[in-house]
Amino acid sequence: MERTFVMIKPDGVQRCLIGEIISRLEKKGLKIVAMKMMKIERDLAERHYAEHKGKPFFESLVSYVTSGPVVAMVVEGKNAIKIVRTLVGATNPAEAAPGTIRGDFGMEVGRNVIHASDSPESAEREIALFFKPDEIVEYRRIDEDWLY
Ligand code: RTP
Ligand code: MG
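Residues numbered from 1 in each chain as written. Chains lettered and ligands numbered in written order. Predicted model: local features only at pLDDT ≥ 70, side-chain atom pairs only at ≥ 80, totals over all residues. Heavy atoms only, no water.

Here we take up the UniProt feature "binding site: ATP" (unreviewed entry) in the chain. This chain's UniProt record puts "binding site: ATP" (unreviewed entry) on K9, F57, R85, T91, R102 and N112. Residues from the named set that contribute to the lining of the largest pocket are K9, F57, R85, T91, R102 and N112. Residue placement: K9 occurs in the loop between strand 1 (2-8) and helix 1 (10-14). Those residues in contact with K9 that sit more than four places away from it in its chain are Y49, Y64, V65, P69, V70, R102, N112, V113, I114 and H115. Looking at the secondary structure, you find R102 in helix 6 (residues 101-105). In contact with R102, other than residues within four places in its own chain, are K9, V88, G89, A90, T91, P93, A96, N112, I114 and H115. (UniProt positions renumbered as here; feature names shortened; annotations may be inferred. 1 Å grid on protein atoms, 1.4 Å probe; cavity = no way out; pocket = protein on both sides within 12 Å on 5 of 7 lines; lining within 4 Å. Helix = DSSP H or I, 4+ residues; strand = E, 2+ residues; numbered from the N terminus. Contact = heavy atoms within 4.5 Å.)

The following block contains the structure:
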């Protein structure tokens, strides 16, 4: 099983998309093994998006993700990193396919509703930034034998 880090960004929370997004992840077959609503401090936002430091959009990205509460999650499943990125869609909602979260709910790159880890290394790093090991739980989905 693989774990990935997912975050519903402030616009997703303010636009009341939490339930819709969680529902899509659950219905796909993914398992939420940790979740919290929180307000990100600037320092955490900068560390989370450290790979983008120095890029022209970095400042607006940090102010965007610290502008209101977010919902942070650890999501588990076989091939979860790739599967969640597919559900999320392209970075720019104008290019994201219909049926994806960004394709269905976003209008522009600076308000693209959701974050998801892009590799096993990012997932491990981001999960550790947002969650302590004892905040991640283990349980079986009732349909696990039918998913795999
Ligand atoms: P994320 O990390 O949030 O899941 O998004 P991503 O992998 O699809 O895209 P990434 O390249 O990591 O960019 C991180 C976030 O920065 C904002 N962004 N703005 N040209 C721009 O104005 C621009 N490019 C990126 C987006 O919010 C993007 O999700
Ligand atoms: Mg990214």
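Another aspect to go through is unusual backbone geometry. Positive phi, close to 60°, is recorded for C16, a residue that is not glycine. Residues other than glycine seldom take positive phi values, yet V113 does so here, at roughly 75°. For V113, the position within the fold is in the loop between helix 6 and strand 4 (114-116).

This paragraph deals with the side chain of H52. On the secondary structure map, H52 appears in the loop between helix 3 (42-48) and helix 4 (58-65). Looking at H52, the relative accessible area reads 16%, which means it is buried. Apart from residues lying up to four places away in sequence, H52 is in contact with F57, F58 and L61. (Buried < 20%, exposed > 50% of the residue type's maximum accessible area, 1.4 Å probe, protein only.)

Mapped onto this numbering, the UniProt entry gives "active site" (unreviewed entry) at H115. Note on placement: H115 falls in strand 4. Residue class for H115 comes out buried when judged on its relative accessible area of 8%. Filtering out sequence-adjacent residues up to four positions away, H115 remains in contact with F5, V6, M7, K9, H48, Y49, R102 and E126.

A separate point is the site of ligand 1. In the vicinity of ligand 1, the contacting residues are K9, Y49, H52, F57, L61, R85, T91, R102, V109, N112, H115 and A116. Within the side chain of R102, a nitrogen or oxygen atom sits 3.0 Å from an oxygen atom of ligand 1. Between ligand 1 and the protein, one listed contact pairs an oxygen atom with a side-chain N or O atom of N112 at 2.7 Å. Relative to its free-state accessible area of 560 Å², ligand 1 is covered by the protein chains to the extent of 78%. Judged by the fraction of its atoms near the pocket grid, ligand 1 is located in the largest pocket. Split by residue class, the shell around ligand 1 holds 5 nonpolar, 4 polar and 3 charged. (Near = heavy atom within 4 Å. Polar contact = N/O pair within 3.5 Å; in protein donor to acceptor, adjacent residues only side chain to side chain. Areas by Shrake-Rupley, 256 points an atom, 1.4 Å probe, with all protein chains shown as cover. Sits in = over half its atoms within 2 Å of the grid points. Nonpolar A, V, L, I, M, F, W, Y, C, P; charged D, E, K, R; others polar.)

Under the counting rule described, the total for this entry stands at 1 cavity of 30 Å³ or more. One number sums up the size of the largest cavity: a volume of about 30 Å³. Around the largest cavity, the lining residues are M1, G29, K31, E76, G77, R141, E144 and Y148. Among the residues making up the lining of the largest cavity, the classes are represented as 2 nonpolar, 2 polar and 4 charged. (Points joined across faces, edges and corners; volume = space filled by probe spheres on them.)

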